[in-house]
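# A look at the structure
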Amino acid sequence: MMFRATARHPALILDDVRGAQKMLSGVARATALEGSRHLTELVGAPVHLKCENLQRTGSFKLRGAYVRISGLTPVERAAGVVAASAGNHAQGVALASSLLGVRSTVFMPVGAPLPKVAATQEYGAEVRLHGQVVDETLAAAQEYAERTGAVFIHPFDHPDIIAGQGTVGLEILEQCPEVRTIVVGIGGGGLAAGIAVAVKALRPDIRIVGVQAEGAAAYPPSLAAGHPVSLDDPVTMADGIKVGRPGDVPFTFIEELVDEVRTVSEDELSSALLLCLERAKLVVEPAGASPVAALLSDPKAFRGPVVAVLSGGNVDPLLLQRVLRHGMSAAGRYLSLRLRLTDRPGALATLLAALTVVDANVLDISHVRTDPRLGLTEVEVDLHLETKGPRHCEEVEAALRAEGYRVIG
């Protein structure tokens, strides 16, 4: 794909994103834009969800991967392509390569979730497991490219990738012409950069807000420094935006075109994922839920109508189980208590009856009888309860204390 130049950005302009959109016709879905009544009430203006979690392969990554591989020469295609990814980019490259008849090899970390490994293989890639972290996997893929001549397909640091991701922005403008704010998660920056290039060229009045996880927020210090800055040890459950250093190419666009970059906590990500599942009936991975987390954390900061980009839905079932429980806890819907009571017949039944009165649902219960801290006739009971919210949690604890129970944790 050939890119024309601008004075500031010699590699990418609106026409290139439009060209990518034509290239993706019949390949990538024009994903739905769904309204959210709950978020609309919180923000005080219409809020819509751009459902890239329903894209082929479960994320926006197919767009950029297909455009990038389409632009290879016949000689490059014959050599095949190689990529490194823990999930979404892997699947995007695998499917794009299969559609274009190009051989693909994808390096994934040894601990990559099995469903993501299986999906990448089913899309046609040869998967090689290497390294414990993505940096090691990335190094292995680059070494493979140098050794074999395969073309390395970077997940975000290339103009073709950014142009493909920018087609999300064009769709938003077509589906919601009245949009005033677009909120999008940022990892390396390819999606946010692409959306910014497309949207700001047509509607410079639209505010674009990027979102990063607090433990993997490389963009705020990088923007302050004026160049990409590396994080030593990014930590977040949102592996789709867990990137330790901004891409050189997307950074230039984000620096100029993205209006603000916010951060969200792990609790806010959990609550956002839970909201998407319960209120919107959408399975979204933590990275994909980051724009919703930003709306929940400061709803009055966004001028509407707002479009929040749900970038992906590829969440490992085991992680989903943990995140949902964490999200319920963060939302005050899950309460853990330890009580000390006299070990006598009927004591547990009496406790459960007290919980029934306050309408708390017991999810799990366990006894501790052998702790040296306990007296001869004492027992500790660990309770895991489902509640209706923070106020209900307070009511449950107050009711137990009123019945004479010692709440010790």
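Structure shown above.
Now for a description of the structure that goes with this document. The structure displayed is predicted, hence computed values, not measured ones.

Take the nonpolar core next. Counting 54 residues, the largest nonpolar core has Ile69, Val81, Val179, Ile182, Ile195 and Val309 as the members making the most contacts within it. Examining the composition of this core, we find that eight residues originate from one element, helix α9 (residues 190-202), more than from any other. Residue contacts for isoleucine 69: discarding those within four places in its chain leaves Arg77, Val81, Val93, Ala96, Ser97, Leu100, Val102 and Ile153. Among the nonpolar cores identified, the runner-up in size contains 39 residues, and Ala45, Ala238, Ala272 and Cys276 belong to it.

Let's shift gears to the packing of helix α1 (residues 14-23) against helix α8 (residues 159-175). Viewed as axis vectors pointing N to C, α1 and α8 meet at an angle of 90°, and their least axial separation amounts to 8 Å. As the angle between them shows, α1 and α8 are arranged roughly perpendicular. Side by side, α1 and α8 meet where Leu14, Asp16, Val17, Arg18, Ala20 and Gln21 of the first sit next to Ala163, Gly164, Gly166, Thr167, Leu170, Glu171 and Glu174 of the second. Each residue belonging to the contact of α1 with α8 can be placed in one class, and the counts come to five nonpolar, four polar and four charged.

Once that is clear, we can look at helix α16 (residues 390-402). Structural remark: α-helix, 3.6 residues per turn; residues separated by three or four positions point the same way. Over its 13 residues, α16 runs 19 Å from end to end, which matches the ideal 18 Å to within 8%, given 1.5 Å per residue. Among all positions of α16, only His392, Cys393, Val396 and Leu400 are buried. Mapping the buried residues of α16 onto a view down its axis gives an arc of 105°, with all of them on the same face. Every exposed residue of α16 that faces more than 90 degrees away from the buried side is listed here: Pro390, Arg391, Glu394 and Ala402. Those residues of α16 that are buried are in contact with β11 (334-342), α15 (347-357) and β13 (378-386). In the segment just after α16, glycine 404 is the residue with positive phi, at about 95°.

Right, let's get into the sheet that holds strand β3 (residues 81-84). Across the sheet, four strands lie side by side as β5-β4-β3-β6; this open sheet has parallel pairing. A single partner strand is all that each edge strand has here, and the edge strands are β5 (126-129) and β6 (151-152). Here β3 pairs with strand β4 (residues 104-108) via four bridges, running parallel. From the neighbouring strand, valine 81 faces β4, where its bridge partner is serine 104.

Attention now goes to the sheet that holds strand β7 (residues 181-185). Hydrogen bonds along the backbone pair up the strands of a sheet, which may run parallel or antiparallel. Ordered by their spatial adjacency, six strands build an open sheet running β1-β2-β10-β7-β8-β9, and the pairing between neighbours is mixed. A single partner strand is all that each edge strand has here, and the edge strands are β1 (33-35) and β9 (260-264). Here the strands of the sheet are splayed against their neighbours by 25° on average, with no regard to which way each runs. In the sheet, strand β8 (residues 207-213) pairs with β9 via five bridges, with the strands oriented parallel. In the sheet register, glutamine 212 faces β9, and the bridge partner there is threonine 263. Sheet strands in contact with α8 are β1, β2 (47-51), β7 and β10 (306-310), and its direction is about 140° off that of β2. Against the sheet, helix α13 (residues 290-297) contacts β2, β7, β8, β9 and β10, and its axis sits at roughly 120° relative to β7.

Right, let's talk about the pattern of salt bridges for a bit. If you walk through the whole model with that rule in mind, you get 16 salt bridges. The residue arginine 262 makes a salt bridge to glutamate 260 at a minimum N-O spacing of 2.9 Å. On the basis of relative accessible area, arginine 262 is assigned to the buried category, the value being 18%. Residue glutamate 260 is classed as partly exposed on the basis of its relative accessible area of 24%. Bridged by salt links that share partners, the residues Lys50, Glu52, Arg63 and Glu171 form one connected network.

Attention now moves to the environment of proline 74. As for its position among the elements, proline 74 is in helix α4 (residues 74-79). Proline 74 sits in the exposed class, given a relative accessible area of 71%. With 28 residues separating them in the primary sequence, proline 74 and valine 102 have C-alpha atoms 9.9 Å apart.

Cut-offs used in this document
- Residues numbered from 1 in each chain as written.
- Predicted model: local features only at pLDDT ≥ 70, side-chain atom pairs only at ≥ 80, totals over all residues.
- Heavy atoms only, no water.
- Core = buried A, V, L, I, M, F, W, Y, C linked by side-chain atoms within 4.5 Å.
- Buried < 20%, exposed > 50% of the residue type's maximum accessible area, 1.4 Å probe, protein only.
- Helix = DSSP H or I, 4+ residues; strand = E, 2+ residues; numbered from the N terminus.
- Contact = heavy atoms within 4.5 Å.
- Axes fitted to C-alpha atoms, helices over the stretch in contact; angles between N-to-C directions.
- Parallel < 35°, antiparallel > 145°, perpendicular 65-115°, else oblique.
- Nonpolar A, V, L, I, M, F, W, Y, C, P; charged D, E, K, R; others polar.
- Expected span 1.5 Å × (residues − 1).
- Arc of directions from axis to C-beta.
- Pairing = 2+ DSSP bridges.
- Salt bridge = Lys/Arg side-chain N within 4 Å of Asp/Glu carboxyl O.

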